[in-house]
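The chain contents come next:
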Amino acid sequence: MPLVTAENISKVYRLGSEQVKALSNVSFSLEKSSFISFVGPSGSGKTTLLNMLGCLDRPTEGRLTVCGTDTAGLKPSQRADFRGKNIGFIFQDFNLIPVLSVYENVEYPLVMVQNICAKERRERIMRMLDAVGMAEHSEKRPSQLSGGQKQRVAAARALVTNPSLILADEPTANLDHETSMKIITLMKSMRDDFGTTFVFSTHDPKVVSEAEHVFVLEDGKLVREEA
Ligand SMILES: Nc1ncnc2c1ncn2[C@@H]1O[C@H](COP(=O)(O)OP(=O)(O)O)[C@@H](O)[C@H]1O
Ligand SMILES: [Mg+2]
């Protein structure tokens, strides 16, 4: 069974009397442990689509199944719980908490997870920081890190709860080319090591070359799929 199935999903934003159709009849499925990119120019619907996959917003029409759950059936109160258990997020502006150390930023999503003891928590955090090459910087604050280092910490934070799916909306938009390629290859090696499905969006054709499966969006429509 695929990890994600989208059947004819559409999203209409209403702005007063105006309507913006951000996604039109988009269908696809994503396999477990795959490394996928949604590509398209600004305004093509990438963020809208990732927000649906992350259950931050819901389609106006169509059916979207994520990790075996029909997302339309989730009550607002259940969505946060579903996200916490199944999904990790990586953002283009990193979204680290400035007053917390690197270690504490990665620990943060685990605060919601009840059933792990302090020792296991510490081991898990250090394993993740090690996986992204940031263990030696664990006591630093985000302001002391480069953009690439911040995104490594964000990747560790996304993975620390062991989610099935990690969503990264333009994770390299604020990084130079060389650092961008390093972050994408890091994400790919995390997929190899942990079996997590990674979905990232980008409008940078060079970054796309690392994806195993590419979906091209234009004006809210899925115009092409490249294996
Ligand atoms: N909250 C919103 N309200 C109204 N229109 C929106 C909203 N978010 C996005 N849009 C519109 O939906 C379309 C797709 O936007 P978006 O998903 O952000 O594209 P991308 O991430 O590819 O740049 C654009 O026309 C955008 O202006
Ligand atoms: Mg966007």
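For the structure itself, consult the block above.
Residues numbered from 1 in each chain as written. Chains lettered and ligands numbered in written order. Predicted model: local features only at pLDDT ≥ 70, side-chain atom pairs only at ≥ 80, totals over all residues. Heavy atoms only, no water.

Chemist: Quick one: what's the story with helix H1 (residues 46–53), residue by residue and with numbers?
Modeler: The buried fraction of H1 amounts to six of the eight residues, a majority that puts the element mostly inside the structure. At the C-terminal side of H1, Cys55 shows a positive phi close to 55°. (Buried < 20%, exposed > 50% of the residue type's maximum accessible area, 1.4 Å probe, protein only. Helix = DSSP H or I, 4+ residues; strand = E, 2+ residues; numbered from the N terminus.)

Chemist: Account for helix H4 (residues 118–131), with residues named and values stated.
Modeler: Here H4 contains 14 residues, and its C-alpha end-to-end distance of 20 Å stays within 8% of the 20 Å for a straight helix at 1.5 Å per residue. Looking only at H4, the buried set comprises Arg121, Arg124, Ile125, Met128 and Leu129. Looking down the long axis of H4, one finds its buried residues gathered within 130° of arc, a one-sided arrangement. Pointing more than 90 degrees away from the buried face of H4 are the exposed residues Lys119 and Asp130. Summarising the contacts, the buried residues of H4 are in contact with helix H3 (102–107), helix H5 (147–159) and helix H6 (177–194). Positive backbone phi, approximately 70°, marks Gly133, located one or two places after H4. (Expected span 1.5 Å × (residues − 1). Arc of directions from axis to C-beta. Contact = heavy atoms within 4.5 Å.)

Chemist: Before we move on, could you go through a nonpolar patch on the surface and cite the residues and values that matter?
Modeler: On the surface, Tyr13, Leu15 and Val20 cluster together to form a nonpolar patch covering roughly 260 Å² of accessible area. Relative to the helices and strands, Leu15 resides in strand S1 (residues 4–15). Look at Leu15 and you get exposed, because its relative accessible area is 59%. (Patch = residues over 30% accessible without salt bridge, like charges linked within 9 Å, V, L, I, M, F, W, Y side chains within 5 Å. Areas by Shrake-Rupley, 256 points an atom, 1.4 Å probe, with all protein chains shown as cover. Salt bridge = Lys/Arg side-chain N within 4 Å of Asp/Glu carboxyl O.)

Chemist: Let's hear about the sheet that holds strand S10 (residues 221–226): which residues, and what values?
Modeler: With respect to topology, six strands assemble into an open sheet ordered S6-S7-S8-S3-S9-S10, the strand pairing being mixed. Because the sheet does not close on itself, it has two edges, and the strands there are strand S6 (87–90) and S10. When strand polarity is set aside, the average angle formed by the axes of neighbouring strands in this sheet is 20°. Direction of pairing for strand S9 (residues 213–218) relative to S10: antiparallel, over a ladder of five bridges. The residue of S10 that forms the bridge with Glu218 is Lys221. Relative to strand S7 (residues 165–169), H1 is tilted by about 155°, and along the sheet it contacts strand S3 (35–39), S6, S7, strand S8 (197–202) and S9. (Pairing = 2+ DSSP bridges. Axes fitted to C-alpha atoms, helices over the stretch in contact; angles between N-to-C directions.)

Chemist: Just give me the short version of the packing of aromatic side chains, but keep the residues and values in it.
Modeler: Two numbers describe a pair of aromatic rings. These are the distance of the centres and the angle of the planes. Across all of its chains, the model carries six aromatic pairs by this definition. Seen in terms of ring centroids, Phe28 and Phe215 are 5.5 Å apart; in terms of plane orientation they differ by 50°. Their pairing is tilted. Taken together, the positions of Phe28 in strand S2 (residues 18–30) and Phe215 in strand S9 put the pair 187 residues apart, joining distant regions of the chain. Here the two residues Phe28 and Phe215 agree in accessibility, since each one is buried. (Phe/Tyr/Trp six-rings, centres within 6.5 Å; stacked < 30°, edge-to-face > 60°.)

Chemist: Give a detailed account of the site of ligand 1, specifying residues and quantitative values.
Modeler: By nearness alone, every residue bordering ligand 1 is listed as Tyr13, Leu15, Val20, Ala22, Pro41, Ser42, Gly43, Ser44, Gly45, Lys46, Thr47 and Thr48. Separating an oxygen atom of ligand 1 from a side-chain N or O atom of Thr47 is a distance of 2.8 Å. In this structure, Thr48 approaches ligand 1 through a side-chain N or O atom, which is 2.5 Å from an oxygen atom. Against a free-state accessible area of 560 Å², the protein chains account for coverage of 63% of ligand 1. (Near = heavy atom within 4 Å. Polar contact = N/O pair within 3.5 Å; in protein donor to acceptor, adjacent residues only side chain to side chain.)

Chemist: Help me get a handle on the sheet that holds strand S5 (residues 69–70), residues and values and all.
Modeler: Within the open sheet, the four strands sit side by side as S2-S1-S4-S5. Their pairing is antiparallel. The open sheet has two edge strands, S2 and S5, and neither has a second partner. Direction of pairing for S1 relative to strand S4 (residues 61–66): antiparallel, over a ladder of five bridges. The residue of S4 that forms the bridge with Ala6 is Leu64.

Chemist: How would you sum up the environment of Ile166? Please name residues and give values.
Modeler: Inspection of the secondary structure puts Ile166 in strand S7. Sequence separation between Ile166 and Thr197 is 31 residues, and the spatial gap between their C-alpha atoms is 6.2 Å. Once residues lying within four places of it in the same chain are set aside, the contact partners of Ile166 are Gly88, Ile90, Ala158, Leu159, Thr196, Thr197, Phe198 and Val199.

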